[in-house]
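Structural characterization, general
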Amino acid sequence: RSLVGSEMCIRDSKRLERSQKEQYLDLDNRLVQLGAADREFQTEDNKSSEEGKPLLSKAPEFDNEREAYQFAFDLMRNRQYLESLVGFEEIIVSFPNGQYTPNAFYWIGELYLAQGDNEKSRQSFIQVISLYPDHQKVPDAMYKLGVVYFALGDNQSALRYLGQVQQEYPNSSAAGLAARYAVQIQQ
């Protein structure tokens with residue numbers, strides 16, 4: 001009996017390890033893809049001079065939500081995750097009804113997920129879904145909630161969100177990711 005239990009624990013541990021690696025790779029891939037998709041935000045004067053170096057030593061105060069979002073996003077792209085997190089949180093406070101606020105909640109969720117803070121990640125993705133139900137980030141947030149709930153050990157909720165994104169957004173890239181992830185959970 002204990003040998004079977006040990007084998008199950010090892011298998012679950014390996015599955016969780018594989019899942020976490022895939023989450024990291026997924027986040028990294030999405031950051032790269034977003035960098036290509038968000039080129040409209042880039043300007044020559046606010047790029048960093050060297051990869052990984054701060055764009056500015058102190059985060060400026062922005063009157064323009066687009067500039068604040070671009071600043072936080074550039075920090076994230078330059079792998080300055082903690083600074084980026086602060087920037088996205090400042091967008092939510094400074095521009096609570098802004099155009100980029102749903103994106104800020106989404107990226108906060110991604111950043112917390114990458115740090116392993118599943119509860120804060122969950123809260124942020126829930127904000128996207130509940131406050132901005134028609135936003136383009138909703139399918140991605142639903143998929144990520146499936147990932148987060150699995151990491152929290154709640155397979156039933158994980159499968160519910162993964163199924164929901166497949167049902168409500170069948171043509172989204174998140175639906176394909178959700179289908180593959182659901183299969184892994186059920187194995």
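Before any of the text, the structure's been laid out above.
This section reports on the structure supplied with the text. (Residues numbered from 1 in each chain as written. Predicted model: local features only at pLDDT ≥ 70, side-chain atom pairs only at ≥ 80, totals over all residues. Heavy atoms only, no water.)

Observations concerning the pattern of salt bridges
Our working rule: Put simply, a salt bridge is a Lys or Arg side-chain nitrogen that is within 4 Å of an Asp or Glu carboxyl oxygen. Runs of H or I in DSSP of at least four residues are treated as helices and runs of E of at least two as strands, each being numbered from the N terminus. Summary of the burial criterion: residues with accessible area below 20% of their type's maximum are buried, those above 50% are exposed, and those between are partly exposed, where the area comes from a 1.4 Å probe applied to protein chains only.
Following the criterion strictly, the structure yields three salt bridges and no others. Arg77 serves as the salt-bridge partner of Asp74, at 2.4 Å between the closest nitrogen and oxygen. Of this pair, Asp74 and Arg77 both sit in helix α2 (residues 65-77), three residues apart, which is roughly one turn of the helix. Judged by its relative accessible area of 3%, Asp74 is buried. Taking relative accessible area as the criterion, Arg77 reaches 25% and is therefore assigned partly exposed. The salt bridge involving Glu119 is made with Arg122; its shortest N-O contact spans 2.7 Å. Taken together, the residues Glu119 and Arg122, both in helix α5 (residues 118-131) and three residues apart, mark about one turn of the helix.

So, the packing of helix α6 (residues 138-151) against helix α7 (residues 155-168)
Selection rule: Axis lines are fitted through C-alpha atoms, for helices just across the contact stretch, and the angle between N-to-C directions can take any value from 0 to 180 degrees. Here the word oblique covers every angle except those under 35 degrees (roughly parallel), over 145 (roughly antiparallel) and from 65 to 115 (roughly perpendicular). Whether a crossing is left-handed or right-handed is set by the direction in which the near helix is turned from the far one by less than a right angle, anticlockwise for left-handed and clockwise for right-handed. Whether two residues touch is decided by their heavy atoms; if any such pair falls within 4.5 Å, the residues are in contact.
It is at 7 Å that the axes of α6 and α7 come closest, and there the two elements cross at 160°. On the basis of their axis angle, the class for α6 and α7 is roughly antiparallel. When the axes of α6 and α7 are compared, the crossing they make is left-handed. Mapping the contact onto sequence places Pro139, Met142, Tyr143, Leu145, Gly146, Tyr149 and Phe150 in α6 and Asn155, Ser157, Ala158, Tyr161, Leu162, Gln164, Val165 and Glu168 in α7.

A closer look at the environment of Ile92
Along the chain, Ile92 turns up in helix α3 (residues 81-94). With relative accessibility at 17%, the residue Ile92 sits in the buried group. Not counting chain neighbours up to four residues away, the residues in contact with Ile92 comprise Thr101, Ala104, Phe105 and Ile108.

Digging into the nonpolar core
Definition in use: Residues grouped as a nonpolar core are buried Ala, Val, Leu, Ile, Met, Phe, Trp, Tyr and Cys residues, joined through side-chain atoms within 4.5 Å.
Residues Phe88, Ile91 and Tyr143 are the most contacted members of the largest nonpolar core, which totals 42 residues. Of the residues forming this core, the biggest block, nine residues, is contributed by α6.

Details of the side chain of Asn103
Within the secondary structure, Asn103 sits in helix α4 (residues 101-115). A residue is classified by how much of its surface remains accessible, and Asn103, at 10% relative accessible area, is buried. Not counting the four nearest positions on each side in its chain, Asn103 is found in contact with Tyr69, His135 and Lys137.

Points about the packing of aromatic side chains
Short version of the rule: Planes of paired rings set the category: under 30 degrees apart is stacked, over 60 is edge-to-face and the rest tilted, where pairs are Phe, Tyr or Trp rings (Trp by its six-membered ring) whose centres lie within 6.5 Å.
Within this structure, the stated rule accounts for 10 aromatic pairs. Ring geometry for Tyr149 against Tyr161: centres 5.6 Å apart, planes inclined by 5°, an arrangement best described as stacked. Of the two residues, Tyr149 sits in helix α6 while Tyr161 sits in helix α7, which places them 12 residues apart along the sequence. For Tyr149, a relative accessible area of 12% gives the class buried.

Remarks on the environment of Gly163
Within the secondary structure, Gly163 is located in helix α7. Taking relative accessible area as the criterion, Gly163 reaches 30% and is therefore assigned partly exposed. The spacing of Gly163 and Tyr143 is 20 residues in sequence and 8.8 Å in space, taken between C-alpha atoms.

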